[in-house]
Structures are given as structure tokens and as C-alpha cells.
Amino acid sequence: MLEDIKTIDDFDFKDQIVLIRVDFNVPVDKYHQITDDTRIQSSLPTIQNIISRKGRIVLISHFGRPKGIPSQIYSLKFLTSFLSKKLKFPVKFYEDCIGEKVEKKVSELKNGEILLLENLRFHKEEEEENENFAFQLSKLGNIYVNDAFGVSHRLHTSITVLPKFFGEKKCIGLLMQKEFQFLKKFFSGKGEKPITVLLGGSKISSKIEIIENLIDFADHILIGGAMSYPFIKMKGGEIGNSFLEKDKKIEKILKNILDKCKEKNKENILSFPKDVVISDSFENTSNTKISPIDSIPNGWMGLDIGPSSIKNFCNIIEKSKTILWNGPVGVFELANFSLGTKSIAKKIAKVTEKGAFSLVGGGDSISSLKMEKCDKKISYLSTGGGALLESLKNKILPGIKAIINT
Ligand code: AMP
């Protein structure tokens, strides 16, 4: 599928101005200190490679959700010194991403120099697939490189429209290549068996279509967190006041999933928690007890998987050779409800050390691995949450389509 896509190996970058779409949307604390620099670190190999081949680099990215309004909190300027330190030479910055002044700055670049431009989302057109905005951006380079896996599922100007202006002169970067190399095992279903996929979190609508697709090649699909409640409710269980995403389409798709499992003779592929930690309020200090997942009393909500479910999920993971995890199995942000997610994180790290292949995506799952200091033990941490999930639907991401089509 992606065999024919151009990569940075297909170009000679000497004397060329290379416009690289990166994903520098890193989490920061209230002092603007980066709390997790994975996304930037992962972008460095492409930048370093093109610099070593005497290209001139223009970096474009979004940061946060400024909704078309420029402001200091969403400015990318603070990354200039961070990048200069990491790359060990000065990175220039300009306070806009389109216009004559930017074009002049770009034209002054010498081989091996880097210019970081201001947040693309300071222009509302970035999120509107806008031809004119794309045209303005296209004047800033001769070759376009998409290395922003985390946003390649989005229909945004710099991802889907901008590449059109580069004809054959566009490709994916090294980070994108790496993401696809690891995802390939799941695309092809050729990962070593048993293959286990664990999906958690609260929004089932973003993951439900994936489940249907996974039935074909996974051996176990574990569903935790608030994702499990629509299934439990459909099967007639009482879920009290647990979080339940309301969307009319969900029930129909859930039914299709259960029908498909039956049709494929894979009725045991789906595993749900049997017990949950319930609470009478959404707070760390609240009353908690353990309840069967299908008889949660009114006024109570399930906020973590219970001890026997932890044991069951961990046993399945223990026997797996290929594991994909996206989404926490409880409200792990609150200590009272974090045991399930932390136990899963530790177990996946442990089986990876013993030789299993693990792929983890989504900010919450990765941050729980970091909390347990076992993130380094995972085979591959994806820089995309939404993009990873979209890829699992076995569809070509819009950002990739835009590179393939000339
Ligand atoms: P998502 O964006 O769909 O991946 O959801 C992530 C969020 O799901 C995290 O902030 C968790 O706190 C939340 N979550 C996980 N389990 C539950 C649950 N049982 N009830 C409510 N929220 C949950």
C-alpha cells in the first residue's frame, strides 16, 4: 500500500528549500516548560538528515488550539532555543507563517540553516482546507516533507492541500516511515500470535469502527474504561451513573460487532471487565468499593477496572506476543482509580522485556507508562493518538493520500 510513497531518500536536498510539516504540538505546564518532548525528539532525525545533505529547512507546525487568533501562549517562539540546543546550532524564528516578510526570510536562508515559522493555526484557514492559504505556504519551499504523523488524519490545509502545490516534489519524513513500519504488523495481521489489542478511554465513538476491523486478525480485544459501558448496557447490565457516551449510531455498530464475532466464530475474542471500582463521586477522596460491572447501583459510577479484571487482562497480555494499547482502563488521573491502568502499563512493559512486540499510542496511555517509569521498555511509542486509531481502520490517512497523489 505504501511501498510506492516517496521518502527523503528520493531527493537531493543540496541548495533546496525544504518545507517540513512537523508536529511540535507538545504538552507544556503553566510555566511553558515542555512536560513531554517525545514529538520534537522524534522529528529531529529528518531535520538532521536534510541538514547534513545541505538543504535549507523551513519548519511549519501547529501548537494548541488558538482558533485563528494569534497570542503569546500559543506562539512557537519558545521552541527556538530548545531546538537550537537539541540540534547544536542556532534555529531562526519568524513571527508569521505566510506573507512577503516570511518569503524574504526564507530567501535569505543558506544551506544547512533552519527557520521555524509561527503557529499555522494563528490563521483560521489552516483548519479549513483553504487553497489560498496553501498557495501562500507553498511559496516557502521547493520540496514538501510531511513528518507530522500526529495530525495526518486531519483535513487541514498544511496536511491535505499544501502538498498539491509541489507536484512530484513531496515525500514523507523519517518519523512517518517509522510509524508505518511499526503499524505494518497490524495492517497486515502478520504480527506474531497471539495478537492482543487493548482499547480504553471514554469516547467509544472514536474507536468503535476499529473494533470491527480488528476482529479479522486479533486474537483478543480487551475493552476497558468507559468504553465498556455501552456493551454492558446493551447486554442488559445495570451501570448506575457510569459515564456513557450517547450517540445513536453506537448501538447499531455494537450489534454489528457482536454479529461479526459470531459469524467469524470468534465469540470469545472480546473481553470486558467483570468487576469495577465504583465511587459515589468523581473525586479522589470519594467513597469507593468493588462491584460487578453489570450491577452498579444508582448514584454510583465505575471509574476503574477491579482486581479480578486486572488479573484477567494481565493474564491475557502475559500470553500475548503482539500487543497494541490505546486508552486508559480507568480515570488514571486520580490516584484512587489508577491501579488498573498502571498494572496494565507494567504488565505490557514486562512482557515486552520477555520478547513480545508492543505498540502504544495516545497521550494517556503513554503518560501512564511514564508514571510507572516503564515507557522505555515498550517496543514503539507512537506519536499519534487519533492518527494511530485512524490507521487501524485500515484506511490510508488523508495526509498520506496527499503525498501519493500528484
Ligand atoms: P479518550 O480520550 O477516549 O481516550 O479518553 C481518555 C479519558 O478517559 C481519560 O481522561 C480517563 O480519565 C477517561 N476514563 C477512563 N475510564 C473512565 C471511566 N470508567 N469513567 C470515566 N472516564 C474514564
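Residues numbered from 1 in each chain as written. Predicted model: local features only at pLDDT ≥ 70, side-chain atom pairs only at ≥ 80, totals over all residues. Heavy atoms only, no water.

Asks: Help me out: how do you make sense of the state of the cysteines in this one?
Replies: Here, disulfide denotes a covalent bond that connects the sulfur atoms of two cysteines. For the structure shown, the criterion picks out zero disulfides. The closest cysteine sulfur to the non-disulfide-bonded Cys374 is located on Cys314, 12 Å from its own sulfur. Owing to a relative accessible area of 3%, Cys374 belongs among the buried residues under this scheme. (Disulfide = S-S within 2.5 Å. Buried < 20%, exposed > 50% of the residue type's maximum accessible area, 1.4 Å probe, protein only.)

Asks: Got a minute to help me understand helix α9 (residues 248-263) in this structure?
Replies: Owing to its 3.6 residues per turn, the α-helix aligns residues three or four sequence positions apart on the same side. Taking 1.5 Å of rise per residue, 16 residues should cover 22 Å, and α9 covers 24 Å from first to last C-alpha, within 8% of that figure. Within the span of α9, buried status applies to Ile250, Ile253, Leu254, Ile257, Lys260 and Cys261. Looking down the long axis of α9, one finds its buried residues gathered within 125° of arc, a one-sided arrangement. Those residues of α9 that are exposed and angled more than 90 degrees off the buried face are Lys248, Glu251, Lys252, Lys262 and Glu263. (Helix = DSSP H or I, 4+ residues; strand = E, 2+ residues; numbered from the N terminus. Expected span 1.5 Å × (residues − 1). Arc of directions from axis to C-beta.)

Asks: Looking at this structure, how should I read the site of the ligand?
Replies: Among the 15 residues in the neighbourhood of the ligand, the closest are listed as Ser202, Lys203, Lys207, Gly302 and Glu333. Note that an oxygen atom of the ligand is positioned 3.0 Å from one of the backbone N or O atoms of Ser202. Within the side chain of Lys203, one N or O atom sits 2.8 Å away from an oxygen atom of the ligand. Out of a free accessible area of 510 Å², the ligand has 84% covered by protein chains. Of the residues that constitute the shell around the ligand, the class distribution is six nonpolar, five polar and four charged. (Near = heavy atom within 4 Å. Polar contact = N/O pair within 3.5 Å; in protein donor to acceptor, adjacent residues only side chain to side chain. Areas by Shrake-Rupley, 256 points an atom, 1.4 Å probe, with all protein chains shown as cover. Nonpolar A, V, L, I, M, F, W, Y, C, P; charged D, E, K, R; others polar.)

Asks: Mind showing me how you'd approach the packing of aromatic side chains here?
Replies: The way to describe two aromatic rings as a pair is by their centre distance and the angle between their planes. Following the criterion strictly, the structure yields eight aromatic pairs and no others. An angle of 45° between the planes, with centres 5.3 Å apart, marks the rings of Phe63 and Phe78 as tilted. Taken as a pair, Phe63 in the loop between β2 (56-60) and α2 (79-87) and Phe78 in the loop between β2 and α2 lie far apart in primary sequence, 15 residues in all. Look at Phe182 and Phe357: their rings are 5.8 Å apart centre to centre, the planes differ by 10°, and that puts the pair in the stacked class. Linking Phe182 in helix α6 (residues 174-188) with Phe357 in strand β16 (residues 357-361), this pair joins segments that are 175 residues apart in sequence. A residue is classified by how much of its surface remains accessible, and Phe182, at 18% relative accessible area, is buried. Looking at Phe357, the relative accessible area reads 10%, which means it is buried. Within the aromatic cluster, the residues linked to one another by ring pairs are Phe182, Phe357 and Tyr380. Just above the ring of Trp300 sits the side chain of Lys289; from NZ or CZ to the centre is 4.4 Å. (Phe/Tyr/Trp six-rings, centres within 6.5 Å; stacked < 30°, edge-to-face > 60°. Lys NZ or Arg CZ within 6 Å of the ring centre and 35° of its normal.)

Asks: Explanation requested: the packing of helix α1 (residues 38-52) against α2 in the structure shown.
Replies: The description of two packed helices rests on the angle between their axes and on the distance between the axes. Following both chains from N to C, one finds α1 and α2 inclined at 60°, their axes separated by 11 Å at the closest point. For the element pair α1 / α2, the angle class is oblique. In this structure, the crossing between α1 and α2 has a hand that is right-handed. Residues Ile40, Gln41, Leu44, Ile47 and Gln48 of α1 touch α2, and the partners they reach there are Leu79, Phe82, Leu83, Lys86 and Leu87. Split by residue class, the contact of α1 with α2 holds seven nonpolar, two polar and one charged. (Axes fitted to C-alpha atoms, helices over the stretch in contact; angles between N-to-C directions. Parallel < 35°, antiparallel > 145°, perpendicular 65-115°, else oblique. Left-handed = near helix turned anticlockwise from the far one by under 90°. Contact = heavy atoms within 4.5 Å.)

Asks: Would you mind going over the pattern of salt bridges with me for this structure?
Replies: Any two side chains of opposite charge can pair, given that their charged atoms come close. The final tally for this structure, using the stated rule, is 19 salt bridges. Residue Glu126 pairs with Arg21 through a salt bridge whose shortest N-O separation is 3.4 Å. Of this pair, Glu126 sits in the loop between β4 (114-117) and α4 (131-138) while Arg21 sits in strand β1 (residues 17-21); the two residues are 105 residues apart in sequence, bridging distant segments of the chain. Each of the two residues, Glu126 as well as Arg21, counts as buried. We note a salt bridge from Lys104 to Glu108, for which the minimum N-O separation is 2.7 Å. For Lys104, a relative accessible area of 52% puts it in the exposed group. The class of Glu108 is partly exposed, set by a relative accessible area of 42%. Bridged by salt links that share partners, the residues Asp216, Lys260 and Lys264 form one connected network. (Salt bridge = Lys/Arg side-chain N within 4 Å of Asp/Glu carboxyl O.)

Asks: When you look at the pairing of strand β8 (residues 220-223) in this model, what are you seeing that I'm missing?
Replies: Within a regular strand, the side chains alternate between the two sheet faces. In this sheet, β8 lies alongside strand β7 (residues 195-199) in parallel orientation, the contact comprising four bridges. Bridge pairing in β8 links Thr196 to His220. The parallel pair β7 and β8, bridged by helix α7 (residues 208-214), forms a crossover whose chirality is right-handed. As paired strands, β8 and strand β10 (residues 270-271) are joined by two bridges and run parallel to one another. The residue of β10 that forms the bridge with Ile221 is Leu270. (Pairing = 2+ DSSP bridges. Right-handed = clockwise from strand over helix to strand, strands pointing away.)

Asks: Just checking my understanding: could you explain the sheet that holds strand β17 (residues 380-381) for this structure?
Replies: Two pairing modes exist for strands in a sheet, parallel and antiparallel, and in both the strands are linked by backbone hydrogen bonds. Judged by pairing direction, the sheet is parallel, and its six strands sit side by side in the order β10-β8-β7-β15-β16-β17 without closing on themselves. Whereas interior strands pair on both sides, the edge strands pair on one side only; in this sheet they are β10 and β17. As judged from the two bridges shared by β16 and β17, these two strands associate in the parallel manner. Bridge pairing in β17 links Leu359 to Tyr380. The sheet strands contacting helix α12 (residues 363-371) are β15 (322-326), β16 and β17, and the helix crosses β16 at an angle near 115°.

Asks: Help me understand the sheet that holds β1, please; the structure alone is not making it clear to me.
Replies: In spatial order, the strands read β3-β4-β2-β1-β5-β6; together these six strands make up an open sheet with parallel pairing. In this open sheet, the two strands that pair with only one neighbour each are β3 (92-94) and β6 (170-172). On average, each strand axis in the sheet is tilted by 25° relative to the strand beside it, whichever way the strands run. Bridge count for β3 against β4 is three bridges, and the pairing is parallel. Paired with Lys92 across the strands is Leu115, a residue of β4.

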